[in-house]
Amino acid sequence: QAQPCRRPRSRQRKWCGRHIIGPGHEVSTVAYRGWDGIQNGKMLRLNPDGTIPTDNPFFSSTSGKNRAIYSLGLRNPFTFAFNPALSQMFINDVGQNTWEEINDGVAGANYGLPTTEGATTNPSFVSPRYAYNHSSRGVCAITGGAFYSPSTPQFPSDYLNDYFFADYCAGW
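Description of the structure in this document. (Residues numbered from 1 in each chain as written. Predicted model: local features only at pLDDT ≥ 70, side-chain atom pairs only at ≥ 80, totals over all residues. Heavy atoms only, no water.)

**Quick notes on the sheet that holds strand S5 (residues 77-83)**
Phase 1: Spatial strand order, S5-S6-S7-S8: 4 strands in an open sheet with antiparallel pairing. Both edges of this open sheet fall to S5 and strand S8 (130-133), since each of them pairs with a single strand only. Within the sheet, the average angular offset between the axes of one strand and its neighbour, ignoring direction, is 15 degrees.
Phase 2: Where strand S7 (residues 99-104) meets S8, 4 bridges bridge the pair, whose relative direction is antiparallel. Residue pairing in the sheet places Trp99 in a bridge with Asn133 of S8. (Pairing = 2+ DSSP bridges. Helix = DSSP H or I, 4+ residues; strand = E, 2+ residues; numbered from the N terminus. Axes fitted to C-alpha atoms, helices over the stretch in contact; angles between N-to-C directions.)

See the structure below:
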């Protein structure tokens, strides 16, 4: 259970006092889910001084830099955003050939790549909160997203804490 956090500044990659890193693009078929020393395709969590938090989900079951892994099974966690009002992180995962995903940033989660992409019923993996297929609307890459949670709202209250995202090819 995430603890309430202070509101991060725009583009800041700090959550509850810890740094979150999405190293990004991975093309290896084993690196997404394994303990191979490759950090790509995973979300990492570090203390501000660069040390690894002892409460990271894989700290006790791995060694070395793999202890920094917060979640895995992603292809390219290109961007991610925090909603401090709800202690929530969304990970925008640029898919391989078929699906773009928005995943809940959950400690210890395995999002399934390379075994699965998009929604899954496999209980070993966490299904995305939202996924969209490349075959529709000329889409190709989720490139950004943000929660609408301003200190002074400018839009109707229905938009508060909603998540807005963009796709590179679709132009939205």
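**Points about the packing of aromatic side chains**
Phase 1: Using the criterion set out here, one finds 12 aromatic pairs in the structure.
Phase 2: Judged by centre distance (5.6 Å) and plane angle (50 degrees), the rings of Tyr130 and Phe165 are tilted. Taken together, the positions of Tyr130 in strand S8 and Phe165 in strand S10 (residues 163-167) put the pair 35 residues apart, joining distant regions of the chain.
Phase 3: Judged by its relative accessible area of 38%, Tyr130 is partly exposed.
Phase 4: Overall, Phe165 belongs to the partly exposed group, its relative accessible area being 25%.
Phase 5: Aromatic side chains Tyr148 and Phe155 sit 5.5 Å apart centroid to centroid with 65 degrees between the ring planes, which places their arrangement in the edge-to-face category.
Phase 6: Judged by relative accessible area, which is 52%, Phe155 ranks as exposed.
Phase 7: These aromatic residues form a ring-pair network of at least three members: Tyr130, Tyr132, Phe165 and Trp172.
Phase 8: If you follow Arg67 out to its NZ or CZ, it ends over the ring of Phe59, 4.1 Å from the centre. (Phe/Tyr/Trp six-rings, centres within 6.5 Å; stacked < 30°, edge-to-face > 60°. Buried < 20%, exposed > 50% of the residue type's maximum accessible area, 1.4 Å probe, protein only. Lys NZ or Arg CZ within 6 Å of the ring centre and 35° of its normal.)

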